[in-house]
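Here is how the chains run, residue by residue.
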Amino acid sequence: MQLNSLKTLASDAQDEAILGLFETAPNRAQSFSASTGDVLFDYSKTQITEEVRNALIALCDEAGLASRRAAMFDGEKINETEGRAVLHTALRNLDGGPVEVDGLDVMPDVLDTLQRMRVFAEEVRGGAVTGAGGAFTDVVNIGIGGSDLGPVMATHALSPYHDGPRLHYVSNVDGAHIADTLRQLDPTRTLVIVASKTFTTIETMTNARTARAWMEDGGGAPGKQFAAVSSALDKTQAFGIPQERVFGFADWVGGRYSVWGPVGLPVMIAVGSNAFDAFLRGGQAMDVHFRAADWVENMPVMLALVGIWHRQVLGHASRAVLPYDQRLLRLPAYFQQLEMESNGKSVAMDGSTLTVPSGPVVWGEPGTNGQHAFYQLIHQGTDVIPCEFMVAAEGHEPELTHHHRLLLANCLAQSEALMRGRSLGEARQRMAEKGLEGDELERQARHRVFPGNRPSTTLMYPMLTPFVLGQIIALYEHRVFVEGVLLGINSFDQWGVELGKELATSLGPIVDGEESATGKDGSTAALVAYAMRHRDQ
């Protein structure tokens, strides 16, 4: 990645007042934005100038982005460390034609599985499939990581369309999670979906066995009341789940990209197959845009380039995702996994050490709640934290329009405040108007200075519909892909999660008291001893 020219530009751009860029270019908001359909991405409140943008766009050609994009959509094995294709886009390719992996068109299987999901979801929703006590009132999805974050996020986001059974999600192996969830449910009218591609994920299978025991003890019928999202038919059969209730997906779908397929089954049960199809259509529409639009008009590309500018060029270590939509309360966590598991690497594709910073820390909360929590640091802290706002033009509750207008005003005000700031002179004037003078005026004024010139982007959409949610998720997926290409890393493996899993497995017998802690470091051995001492009291 050639950053020398950008580093030179960065030193000049950091001295540039964002507000001043609007004064010299009255049409900046239009020139520094991208759109597709009714979704608008505004990145004009950043220090990116036309010269900087041209240099950023040049990186796309230098990195061969167009050919890498084609390779991904064409089913080539771009996940080189695992020898796999990357084809989550095929899961939403409803009418886009064949997609081949190793010379075999995968679309017939994708569409067949989708149709099986539709049938099963509608049978559950309509009462044709029941539990021991009658029609299902509740569905519990047991998974972790991508098998949990995606459907949890989408279920919350699409709550206005939720007209099926109540949905619950269990992910943490902490017994409190499943205990608190099952305590309120009827074991004879609850459907449990176990989501694990290999059906070996230790947290998921521990929770699944607990749920099965709970159901058996309560008079339920696990053979009728369990389904699985897995490709391990032998293991699901051994667990007692009929094959017709097992929905599998190929190894070219990574966990954090899997909500579009069988992992999204609980979402389909909640909102219905038509709404879920609209979600897929939104993702497909973003795919079409990503493949066709020129770089400067390409929303995923420009979103990625803004990210590269802020992290790799200017060195801002974190990125705040701030949806002004309560129903997107799990979106920051979803993006956290999507970006940090994908681009949290220190080794380039060729095995060499990465010479630039990798992905940023991604975090956030919905507005307006965040304003009363961490915005203090964003506005007046010593670190610059680029913010990514997102907000709908209108909400789903027409009788509460005044709420949404206040929400929208807050969102726009925050991005404006980050840009404008408040000078010491303005703060002094405010304190003088309050009757302060002398040293006390100066002291109080300094506490009320806002540095300003802090960058943000805004993603606006008409309303949070299933189609729009699909557009947003696909937008960020492609953003991660573009950033990975420009960094020269593999965004589709996650070896960083393996070591902890291996050590947890080895520690299991020690924590159970079956083996000694000999050979473990002093800290780990002492902590095990503490836990066992208090457990045995």
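Look up: the structure comes first, before these words.
Everything numeric in this text was worked out from a predicted model, so none of it was measured.

Please explain the overall build of the protein as it appears in this structure.
When you go through the protein residue by residue, the secondary structure sums to 22 helices and 15 strands. The globule rule puts the C-alpha radius of gyration for 537 residues at 24 Å, and the 25 Å found for the protein is close to it. Once the C-alpha set of the protein is aligned to its principal axes, its extents read approximately 75 × 60 × 60 Å. For the protein, buried positions account for 50% of its 537 residues. Contacts spanning at least 24 positions in sequence make up 74% of the contacts within the protein whose residues lie at least 6 apart. Of the roughly 23,400 Å² of accessible surface on the protein, a fraction of 50% belongs to carbon and sulfur atoms.

For this particular structure, what's the right way to read the sheet that holds strand E14 (residues 387–392)?
Within a sheet, adjacent strands bond to each other through the backbone by hydrogen bonds, running parallel or antiparallel. Spatially, the 6 strands line up as an open sheet ordered E1-E2-E15-E14-E12-E13, and their pairing is mixed. Of all the strands in the sheet, just strand E1 (33–36) and strand E13 (361–363) have a single pairing partner and so form its edges. Averaged over all neighbouring strand pairs, the angle between strand axes comes to 15°, with direction disregarded. Here 3 bridges tie strand E12 (residues 318–324) to E13, and the two strands are oriented parallel to one another. Within the sheet, the bridge partner assigned to Ala320 lies in E13 and is Trp363. Strand contacts of helix H14 (residues 299–313): E1, strand E2 (39–42), E12, E14 and strand E15 (456–461), with the helix running at about 25° to E2, the strand carrying the most contacts. Across the face of the sheet, helix H15 (residues 331–343) comes into contact with E12, E13 and E14 while running at roughly 165° to E13.

Mind showing me how you'd approach helix H9 (residues 202–217) here?
Residues separated by three or four positions in an α-helix point in the same direction, a consequence of the helix having 3.6 residues per turn. Under the 1.5 Å per step criterion, the end-to-end length of H9 is 23 Å for 16 residues, consistent within 8% with the ideal 22 Å. Within H9, burial applies to Thr204, Met205, Asn207, Ala208, Ala211, Trp214 and Met215. Count one or two residues on from H9 and you reach Gly219, which has phi positive near 90°.

Hey, could you run me through the nonpolar core in this one?
Generally speaking, soluble globular proteins have nonpolar side chains that are buried together. Counting 116 residues, the largest nonpolar core has Trp252, Trp309, Phe335 and Leu469 as the members making the most contacts within it. In terms of residue count, the dominant contributor to this core is helix H20 (residues 466–487) (13 residues). Contacts of Leu469, omitting those with residues within four sequence positions, involve Met153, Ala154, Ala157, Leu158, Phe279, Leu328 and Leu464. Core analysis: the next-biggest nonpolar cluster, separate from the first, contains 20 residues, Val194, Trp214, Phe239 and Ile241 among them.

What should I look at first to understand the packing of aromatic side chains in this one?
A ring pair, where both rings are aromatic, is described by two values, the distance of the centres and the angle of the planes. Taken as a whole and assessed by the stated rule, the structure comprises 16 aromatic pairs. When the centroid spacing of 5.7 Å and the interplanar angle of 55° are considered together, the rings of Phe276 and Phe279 count as tilted. On the criterion of helical spacing, the pair formed by Phe276 and Phe279 is a turn pair, its members being 3 residues apart in helix H13 (residues 273–292). Each of the two residues, Phe276 as well as Phe279, counts as buried. Within the aromatic cluster, the residues linked to one another by ring pairs are Phe73, Tyr257, Phe290, Phe481 and Phe492. The ring of Phe22 has Arg28 lying over it, and the distance from NZ or CZ to the ring centre is 5.7 Å. Above the plane of the ring of Phe239 lies Arg212, whose end atom (NZ or CZ) is 4.0 Å from the centre.

I'm lost on the pattern of salt bridges in this one. Help?
Two side chains of opposite charge can pair, provided their charged atoms sit close to one another. Under the counting rule described, the total for this entry stands at 25 salt bridges. Note that Asp95 is salt-bridged to Arg281, the shortest N-O span being 2.7 Å. Of the two residues, Asp95 is situated in the loop between helix H5 (65–73) and strand E3 (100–101) and Arg281 in helix H13; the sequence distance between them amounts to 186 residues. As a salt-bridge pair, Glu483 and Arg319 come within 3.3 Å of each other at their nearest N and O atoms. Highlighted residues: Glu483 in helix H20 and Arg319 in strand E12, separated in sequence by 164 residues.

Looking at this structure, I do not really get empty space enclosed by the protein. What am I missing?
Where empty space is left becomes clear once a probe the size of a water molecule has been rolled over the atoms. If you walk through the whole model with that rule in mind, you get 2 cavities of 30 Å³ or more. Taken as a whole, the largest cavity holds about 50 Å³ of empty space. Val306, Gly307, His310, Arg311, His316, Ser318, Arg319, Pro360, Pro386, Glu388 and Arg479 are the residues that line the largest cavity. Among the secondary structure elements, those contributing two or more residues to the lining of the largest cavity are H14 and E12. Top contributing element to the lining of the largest cavity by residue count: H14, with 4 residues. Residues that form the lining of the largest cavity fall into these classes: 3 nonpolar, 4 polar and 4 charged. In this structure, the second largest cavity spans a volume of roughly 40 Å³. Phe41, Leu303, Glu388, Phe389, Thr457, Thr458, Leu459, Leu475 and Tyr476 are the residues that line the second largest cavity. Elements with a minimum of two residues in the lining of the second largest cavity: E14, E15 and H20. No other element matches the 3 residues that E15 contributes to the lining of the second largest cavity. Split by residue class, the lining of the second largest cavity holds 6 nonpolar, 2 polar and 1 charged.

Whenever I open this one, unusual backbone geometry confuses me. Can you help?
A negative phi angle is the norm for most residues apart from glycine, just as the trans form is the norm for most peptide bonds. Cis rather than trans, the peptide bond between Gly367 and Thr368 has omega equal to 10°. Its location among the elements puts Thr368 in the loop between E13 and helix H16 (375–380). A positive phi angle, near 55°, is found at Asp102, a position not held by glycine. With respect to the helices and strands, Asp102 occurs in the loop between E3 and strand E4 (104–105). Here the phi dihedral of Asn453 falls at roughly 55°; this positive angle occurs in a residue that is not glycine. Note on placement: Asn453 falls in the loop between helix H19 (438–447) and E15. Given a relative accessible area of 23%, Asn453 falls into the partly exposed group.

Would you mind going over the side chain of Ser273 with me for this structure?
If you trace the backbone, Ser273 turns up in helix H13. Since its relative accessible area comes to 10%, Ser273 is described here as buried.

Where do I start with the pairing of strand E10 (residues 226–229) in this structure?
Remark: a regular strand shows side chains that alternate across the two faces of the sheet. Burial of E10 is two-sided: the residues Phe226 and Ala228 facing one way and the residues Ala227 and Val229 facing the other way are all buried. By the bridge criterion, 4 bridges tie strand E9 (residues 190–195) to E10 in an arrangement that is parallel. If you follow Ala195 over to E10, its bridge partner there is Val229. Of the strand pairs in this sheet, E10 and strand E11 (residues 246–247) are connected by 2 bridges, and their pairing is parallel.

What exactly am I supposed to notice about the environment of Ser423 here?
Relative to the assigned elements, Ser423 resides in the loop between helix H17 (401–420) and helix H18 (424–433). Between the alpha carbons of Ser423 and Gly452 there is a distance of 8.5 Å; along the sequence they are 29 residues apart.

Rules behind the numbers
- Residues numbered from 1 in each chain as written.
- Predicted model: local features only at pLDDT ≥ 70, side-chain atom pairs only at ≥ 80, totals over all residues.
- Heavy atoms only, no water.
- Helix = DSSP H or I, 4+ residues; strand = E, 2+ residues; numbered from the N terminus.
- Rg over C-alpha atoms; globule rule 2.2 N^0.38 Å.
- Buried < 20%, exposed > 50% of the residue type's maximum accessible area, 1.4 Å probe, protein only.
- Contact = heavy atoms within 4.5 Å.
- Areas by Shrake-Rupley, 256 points an atom, 1.4 Å probe, with all protein chains shown as cover.
- Pairing = 2+ DSSP bridges.
- Axes fitted to C-alpha atoms, helices over the stretch in contact; angles between N-to-C directions.
- Expected span 1.5 Å × (residues − 1).
- Core = buried A, V, L, I, M, F, W, Y, C linked by side-chain atoms within 4.5 Å.
- Phe/Tyr/Trp six-rings, centres within 6.5 Å; stacked < 30°, edge-to-face > 60°.
- Lys NZ or Arg CZ within 6 Å of the ring centre and 35° of its normal.
- Salt bridge = Lys/Arg side-chain N within 4 Å of Asp/Glu carboxyl O.
- 1 Å grid on protein atoms, 1.4 Å probe; cavity = no way out; pocket = protein on both sides within 12 Å on 5 of 7 lines; lining within 4 Å.
- Points joined across faces, edges and corners; volume = space filled by probe spheres on them.
- Nonpolar A, V, L, I, M, F, W, Y, C, P; charged D, E, K, R; others polar.

This is a description of form; function is not addressed.
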